[in-house]
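# Examination of the molecular architecture
Residue strings, one per chain:
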Amino acid sequence: MGWTDRRVVITGLGVVTPLGHDLETFWRRLLAGECGVDRIRLFDPAPFDTQIAAEVRGFDATFAFPSPKDERRTDRYEKFGVGAAHLALLDSGLDLNRVDLDQVGVYLGSGIGGLYTTEEQHKILLSRGPGRLSPFMIPMLILNMASGLFSMYHGLRGPNLATCSACATASHAIGEAWRTLKMGDARVMFAGGSEATITPLGIGGFCAMKAMSTRNAEPQRASRPFDAARDGFVMGEGAGVVVLEELEHARARGARIYCEVVGYGNTADAHHMTAPAPGGEGAARCMRMALRSAGLHPEDITYINAHGTSTPQGDICETQAIKTVFGDHARKLAVSSTKGATGHMLGAAGAVEMAICAKAIQTGVVPPTINLDEPDPACDLDYVPHTAREMPVHAIVNNSFGFGGHNASIVARRFTG
């Protein structure tokens, strides 16, 4: 069986988000136009220019760990990542006792890793000395450990790595997992990302960049992709993991199939540390690469889940990139950004948004772009404002673009047998 002969489908979804800790709650609240942004409660935000974020509240991850002690010895981002991966496993119906675990892998990344642990342990170092540092500090803060832990807990001995490409992290994990399955190096892959950076250092650092919204008096209206009044992104946190499976493996066990992943693009802007390339040139090349690998034409695409972070430059550049790639068809596409509801989950965003795309294909409903009250004249596509839309969703593009000029686009379509 050659590269092009192997087909890859999504059979499981797991999300931990500011809108819910399970797929159905998250999907219901997202379609209802609800927003997970509020004043920060994880620490006192009063000294900061930005005092709002989309926090994950009340999540108990012990169900995903061998024991409460194991759960306590992990960073917040690891709790989210292992939790989402376990939820994806449950959703997939995969019985790990009946599969070859040498053929099951994990690509679970993070943009930043254990920032909570870094801050806490640094305080201990300064106040109490090096002898009081935790022996678990390094495993708790390194960004590959969520991927490592999930494989250890379930004996998954296939390919395992952690991607790190800022806001493109999770989409790169999914794309590279897709390649791994296409190459025949595994039969099942868990792929996604996790992030937990709502800390004083994380918020302070992004404040120093002037990258985040300061609409503190209106938290739920602060993240407003493509709107003329947008003033920066809102930090989110959480995790998303999808189960990718070789089609024949999924068929053999009678798995439910959400959709088929058919294409992946991965390019660099090679332009600037934080600003996108002019005109969204790198993003356009990425989408073209994804469509080419999928063997699809621009007019085959129905819906785009945009990166759409609510930053002044980024939203315009992505709009320009879509117009460049899709031409006249760009006006016929439904394009929405769900970051108005979830905030920007950084290294987790692409996987949560891939779960959204899979659900859109499955249900024939695309989520809205909330807070789009007055579209920027430079952002003039159909962004599905305010209200979810019922429509046939045949094929999608999921975009993720990160600091450093990292671009990732994934193409998926309805599974047709």
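If you're wondering where the values come from, they're calculated on a predicted model, not measured in any experiment. Residue indices begin from 1 for each chain and proceed along its sequence in written order. Local features in a predicted model are, by the rule used here, given only for residues with pLDDT of at least 70; side-chain atom pairs are given and counted only at 80 or more, and totals for whole chains, interfaces and linings are based on all residues. Derived side-chain values reflect all non-hydrogen atoms in the structure, with water molecules and hydrogen atoms excluded from consideration.

## Quick word on the overall build of the protein chain
The helix and strand inventory of the protein chain stands at 13 helices and 14 strands. Taken against the 2.2 N^0.38 rule, which gives 22 Å for 417 residues, the C-alpha radius of gyration of the protein chain at 20 Å falls within 12% of a compact globule. With the C-alpha coordinates aligned to their principal axes, the bounding extent of the protein chain is approximately 65 × 55 × 40 Å. Here the protein chain holds 417 residues, and 61% of them are scored as buried. Of the roughly 15,300 Å² of accessible surface on the protein chain, 53% is carried by carbon and sulfur atoms. His is not counted, nor are the chain ends, whereas Lys and Arg count as positive and Asp and Glu as negative. Charge placement uses NZ in Lys and CZ in Arg. For Asp and Glu, CG and CD serve respectively. Of note, the protein chain has its 39 positive side-chain charges centred 2 Å away from the centre of its 44 negative side-chain charges. Strands are runs of DSSP state E lasting at least 2 residues, helices are runs of H or I lasting at least 4, and numbering of each runs from the N terminus. Put simply, the radius of gyration uses C-alpha atoms, and a globule should come to 2.2 Å times the residue count raised to 0.38. Classification of residues uses two cut-offs on accessible area relative to the type maximum, computed with a 1.4 Å probe and protein chains only: under 20% is buried, over 50% is exposed, and between them is partly exposed. Note on areas: Shrake-Rupley with a 1.4 Å probe; residue coverage comes only from the protein chains shown.

## Let's talk about the pattern of salt bridges
What makes a salt bridge here is a side-chain nitrogen of Lys or Arg within 4 Å of a carboxyl oxygen of Asp or Glu, nothing more. Taken as a whole and assessed by the stated rule, the structure comprises 29 salt bridges. Between Asp376 and Arg230 there is a salt bridge; the shortest N-O distance is 3.1 Å. Of this pair, Asp376 sits in the loop between strand S11 (365-366) and strand S12 (389-390) while Arg230 sits in the loop between helix H8 (200-208) and strand S7 (238-246), and the two are 146 residues apart along the sequence. According to the relative accessible area criterion, Arg230 is buried, its value standing at 8%. Three or more residues joined by partner-sharing salt bridges are found here, namely Arg215, Glu218, Arg221, Arg224, Asp227 and Asp373.

## Things to note about the nonpolar core
Grouped together as the largest cluster of nonpolar side chains are 54 residues, with contacts concentrated most on Ile10, Leu13, Ile174, Leu244, Met354 and Ile396. A per-element tally of this core places helix H13 (residues 349-363) first, with 10 residues. Note on contacts: a residue pair is in contact if any heavy atoms of the two residues lie within 4.5 Å. Contacts of Ile396, omitting those with residues within four sequence positions, involve Ile301, Tyr303, Met354, Cys357, Ile361, Ile410, Val411 and Ala412. Only buried Ala, Val, Leu, Ile, Met, Phe, Trp, Tyr and Cys residues count toward a nonpolar core, and they belong to the same one when joined by side-chain atoms within 4.5 Å. In this structure, Phe48, Tyr116, Cys167 and Ala211 belong to the second largest nonpolar core, which totals 47 residues.

## With respect to the packing of aromatic side chains
Ring pairs are drawn from Phe, Tyr and Trp, using the six-membered ring of Trp, whenever the two centres fall within 6.5 Å, and their geometry is named by plane angle: stacked under 30 degrees, edge-to-face over 60, tilted for the rest. Summed over the entire model, instances satisfying the criterion amount to eight aromatic pairs. Between the aromatic rings of Phe206 and Phe233, the centroid separation amounts to 5.4 Å while the plane-to-plane angle is 85°, which identifies the pairing as edge-to-face. Taken together, the positions of Phe206 in helix H8 and Phe233 in the loop between H8 and S7 put the pair 27 residues apart, joining distant regions of the chain. Judged by relative accessible area, Phe206 falls into the buried class, the value being 12%.

## Examining unusual backbone geometry
Located in the positive-phi region is Phe226, a residue other than glycine, with phi close to 70°. Residue placement: Phe226 occurs in the loop between H8 and S7. One non-glycine residue with positive phi stands out, namely Leu346, at about 50°. Note that Leu346 resides in the loop between helix H12 (339-342) and H13.

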